[in-house]
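Spelled out, the chains give:
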Number of protein chains: 2
Amino acid sequence: MPAGPDFAPDIERYEKELTRNVVPFWEAHGIDHEYGGYFDSLDRDGSVWDPDKWMWMQWRKVFMFATLTRSAYGEPRYLDHARQGFEFLTRHGKSGDGSYCFGLNRKGEPIVAPYSIYSEAFAAMGAAALYKATGEDACRAEADSAMANYLRRMANPKGQWDKSLPARPARLSHGVYMILANLGTVVKDCLQSADYEAQVAEAVDMVVHCFWNPERRILFENIDPDFSVDMESGDGRHINPGHGLESCWFILQYAERNQRPELVPVVADMIKGLLDFGWDREYGGIYYFMDALGRPKLELEWDMKLWWVHNEALVATLYAYRLTRDPVFLEWFRQIDAWSWEHFRDPEYGEWFGYLNRRGEPTHLLKGSKWKCFFHLPRCLIACIEQMKLCADEGQQGY
Amino acid sequence: MPAGPDFAPDIERYEKELTRNVVPFWEAHGIDHEYGGYFDSLDRDGSVWDPDKWMWMQWRKVFMFATLTRSAYGEPRYLDHARQGFEFLTRHGKSGDGSYCFGLNRKGEPIVAPYSIYSEAFAAMGAAALYKATGEDACRAEADSAMANYLRRMANPKGQWDKSLPARPARLSHGVYMILANLGTVVKDCLQSADYEAQVAEAVDMVVHCFWNPERRILFENIDPDFSVDMESGDGRHINPGHGLESCWFILQYAERNQRPELVPVVADMIKGLLDFGWDREYGGIYYFMDALGRPKLELEWDMKLWWVHNEALVATLYAYRLTRDPVFLEWFRQIDAWSWEHFRDPEYGEWFGYLNRRGEPTHLLKGSKWKCFFHLPRCLIACIEQMKLCADEGQQGY
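**Here's the deal with the relation of the copies chain A and chain B**
For the pair chain A and chain B, the relating rotation is 180 degrees, the translation along its axis is 0.0 Å, and the fit reaches an RMSD of 0.0 Å. Viewed as a symmetry operation, the transformation between the two copies matches a two-fold axis. Both copies share a contact surface, since 100% of the interface residues of chain A are interface residues in chain B too.

Okay, here's the thing in structure tokens:
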């Protein structure tokens, strides 16, 4: 049998990116030592361009610093970074019903209502990761409380802010199930809890059997409450390849840890389908939004190239390569890796640009915002290193 | 004194564009003869890519067909187009409190709640224009009802869908005042009513004295309830040059019709400031969104070039030229006119593209959507023709 790929130079490159570029950037610029929590909106050089604090971003940083603490790259001070965020958010972030407000001002006063179910998701992940790092009961209680809120809100994620009327009930959103698939893995790993297994299994099955369409080989983002797809509507035809690829590696991870090997070939096909559909053959990179039938997109940014889409695609392709040893995934990984490192990295100020036009030129120089933070990129680097090391350890043996 | 500019070829070009390109496209593809109302989402060739009906777009088409009816380009059937829309919307579009739902399905069943105050604005304009064309009491009553709803909602435009919390009350939005400045002119003209004069005068003063910043020579979109600008926040620094330019010609029109000549030099300076700030000196065209201090924009589409921005800039520069005879406005008009006609027109299928990337290349081929319809372009063509004809009639005499 031929030798497997030599990932050693890649592992070194990814480790260096994590430890000498990405983590130092966020440590130097992203922590609010005066009021607690983190600065979210960082310009190219790390200066703060807006002081507000956004719940998704804040809890994601708790998660990331707590996760790093117990990684091979941990430093004792990372635990302090995570803990101060946890304290700031549990003190300031909650609304009356225990949901997390979407935004706080720098001091921690709530400025935006708790309209997003995903605030709960990232709170659960952050608190669970901190529990694993500290063993402290308060962290565990917070993770369970956030999980309970997430599960409670799933039936009506937008609550009072939902603008849908009875003639068109809100569609089921792939994101809600995809995130639960990931939450399940994180919470089970960190809390050693079996409390959520049934709901997580159901979420995985929803993605694979309802949102994925094997005939069209694309994953729909919005399906009707009866699980059908409204192909007449732009909203029904909406495709988000990066979201789909992220979902794929969450499910591969779930399959591996829960002895569900029958999921692997299905997800491998999903990854191939999404990349065949989503890769831009003219300029390279993966489109942000697409229409299943190639009709117009409403979103003005549909043809842009976003960092997180490519981060998630890197993890998905490596994960699929390790579990299937199908060389097409290694080829995709090489292609996405080359394009991403060439276009997204900021060689001058460190970290990665988030937003490129279709040609791959940066349209924004920011490093952090309401929607971009210390999360997809470091998580991708850690996950890719892990997959590459496992590939080497496992030799030619697939899953 | 030198002769004024010869607009005759431009007038001919604009008239031809209106009567042989834009109106025929929407007449041929944009009317739902089966269920009533209009198709909003039209692809490049006029085919329907989504059947839903969006209140802003629907009422704008009532307005446009009713306005065309009584123009020099009127045809009797335009009145039928407007009237059937009015009947569809008054039958299907209203919620319990008289506000207009934001969206209907093709049959007219409400699918999106009445969250936008601007639905009221376009209903008032559409119904008022139809009243002027028909003299029918039902149209007048509808216009007055929509105006009353608009004025009632101004204190809390987003109502129950507002996500702001007490530590950061919703900011005052330039759009709410700008639209009232235009509504005042349309409703006064069509209804011959003096009912709203005080509120309209106040809105004009708000734009000129609170949203416009003469030191920075930019117009802010979001100011705090105490009229200050939060320069620390991306939201406070948000600039929308096209919105500003649209506001400017609304106020010039208001100034001319209400004997407020002292407003003209201020607005002339606003137009110069907005164009100096908003014009892209590298690729041409006017940016969509900008930051007052050049910090990052949150919106991914900030550097795109939108058709309506350029339509409104054409009207604003011609209007300012006629009223001031300052040659800088004629130069701007020539420059924007050349760039717009070169980049936005679709020479193959007619009508104009709506969305170009920074370089001026179309990113979307659609002609209609939830946000683009038969409104800015035909209104611009009619208004520009009118201003050019008045320029010729008035000779060298400014306002």
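Resuming the write-up.
**Details of the interface of chain A and chain B**
Taken together, the contact pairs 50 residues of chain A with 50 residues of chain B. Across the chain A/chain B interface, buried area totals approximately 3,900 Å², and carbon plus sulfur atoms make up 58% of it. Sorting the residues of chain A by area buried against chain B places A:Trp49, A:Lys163 and A:Leu300 first, and these three jointly supply 19% of that buried surface. The interface formed by chain A and chain B holds 6 salt bridges in total. Here chain A and chain B share 22 residue pairs in polar contact (both at pLDDT 80 or more) between them.

**Examining the domain arrangement of chain A**
Residue and element names in this part refer to chain A. Domains assigned within chain A are domain 1 (1-30 + 172-399) and domain 2 (53-168). If you average the C-alpha positions of domain 1 and of domain 2, the two centres end up 22 Å apart. Facing the 35 residues of domain 1 at the interface are 34 residues of domain 2. Summed over both sides, the interface of domain 1 with domain 2 buries roughly 3,200 Å², with 74% coming from carbon and sulfur. When the buried surface of domain 1 facing domain 2 is broken down by residue, Glu-27, Leu-191 and Lys-370 rank first, second and third, together holding 19% of it. Where Lys-132 meets Asp-189, a salt bridge forms, and the shortest distance between an N and an O atom there is 3.0 Å. At the junction of domain 1 and domain 2, the tally comes to 8 residue pairs in polar contact (both at pLDDT 80 or more). The leading source of residues in the side of domain 1 that touches domain 2 is helix H6 (residues 174-191), at 12 residues.

**Details of the packing of helix H8 (residues 241-257) of chain B against helix H9 (residues 263-278) of chain B**
Residue and element names in this part refer to chain B. Two elements in contact, H8 and H9, have axes whose closest approach is 10 Å; the angle formed by their N-to-C orientations is 165 degrees. On the basis of the axis angle, H8 is roughly antiparallel to H9. Here H8 runs over H9; the crossing is left-handed. In this structure, H8 uses Pro-241, Gly-244, Leu-245, Cys-248, Ile-251, Leu-252, Tyr-254 and Ala-255 to contact H9, whose residues at the interface are Leu-263, Val-264, Val-267, Met-270, Ile-271, Leu-274, Leu-275 and Gly-278. Of the residues belonging to the contact of H8 with H9, the class tally is 14 nonpolar, 2 polar and no charged.

**Side note on the sheet that holds strand S5 (residues 110-112) of chain A**
Residues and elements named next belong to chain A. Ordered by their spatial adjacency, 3 strands build an open sheet running S3-S4-S5, and the pairing between neighbours is antiparallel. Each having just a single partner strand, strand S3 (53-54) and S5 make up the two edges of the open sheet. Both strand S4 (residues 103-104) and S5 contribute to a ladder of 2 bridges, which runs antiparallel. Residue pairing across strands places Gly-103 opposite Val-112, the latter belonging to S5.

**Overview of the environment of A:Gly234**
When you line up the elements, A:Gly234 lands in the loop between strand S9 (222-223) and strand S10 (238-239). Of the residues examined, A:Gly234 reaches a relative accessible area of 11% and is grouped as buried. Sequence separation of A:Gly234 and A:Met290 is 56 residues, and the distance between their C-alpha atoms is 9.8 Å. Setting aside residues up to four positions removed in sequence, A:Gly234 forms contacts with A:Asp291, A:Lys297, B:Trp49 and B:Asp50.

**Considerations on the sheet that holds strand S4 (residues 103-104) of chain B**
On the basis of which strands lie adjacent, the open sheet formed by 3 strands has the order S3-S4-S5 (chain B) and antiparallel pairing. Whereas interior strands pair on both sides, the edge strands pair on one side only; in this sheet they are strand S3 (53-54) and strand S5 (110-112) of chain B.

**Let's talk about the packing of aromatic side chains**
The final tally for this structure, using the stated rule, is 58 aromatic pairs over all chains. The interplanar angle of 40 degrees and the centroid separation of 6.4 Å between the aromatic rings of B:Tyr14 and B:Phe333 together place this pair among those described as tilted. Of this pair, B:Tyr14 sits in helix H1 (residues 8-29) while B:Phe333 sits in helix H11 (residues 327-343), and the two are 319 residues apart along the sequence. Neither B:Tyr14 nor B:Phe333 differs from the other in exposure class; each is buried. Through pairs of rings, three or more aromatic residues link up here, namely A:Trp54, A:Trp56, A:Phe63, A:Phe102, A:Tyr115, A:Tyr118, A:Phe122, A:Trp371 and A:Phe375. Positioned above the aromatic ring of A:Tyr287, the side-chain terminus of A:Lys305 is 5.4 Å from the ring centre. A cation sits over an aromatic face here: B:Lys163 above A:Tyr115, 4.0 Å from the ring centre.

Rules and cut-offs
Residues numbered from 1 in each chain as written. Chains lettered and ligands numbered in written order. Predicted model: local features only at pLDDT ≥ 70, side-chain atom pairs only at ≥ 80, totals over all residues. Heavy atoms only, no water. Least-squares fit on C-alpha atoms with pLDDT ≥ 70 in both. Contact = heavy atoms within 4.5 Å. Buried area = accessible area lost by both parts, 1.4 Å probe. Salt bridge = Lys/Arg side-chain N within 4 Å of Asp/Glu carboxyl O. Polar contact = N/O pair within 3.5 Å; in protein donor to acceptor, adjacent residues only side chain to side chain. Domains from an automatic or database assignment. Helix = DSSP H or I, 4+ residues; strand = E, 2+ residues; numbered from the N terminus. Axes fitted to C-alpha atoms, helices over the stretch in contact; angles between N-to-C directions. Parallel < 35°, antiparallel > 145°, perpendicular 65-115°, else oblique. Left-handed = near helix turned anticlockwise from the far one by under 90°. Nonpolar A, V, L, I, M, F, W, Y, C, P; charged D, E, K, R; others polar. Pairing = 2+ DSSP bridges. Buried < 20%, exposed > 50% of the residue type's maximum accessible area, 1.4 Å probe, protein only. Phe/Tyr/Trp six-rings, centres within 6.5 Å; stacked < 30°, edge-to-face > 60°. Lys NZ or Arg CZ within 6 Å of the ring centre and 35° of its normal.

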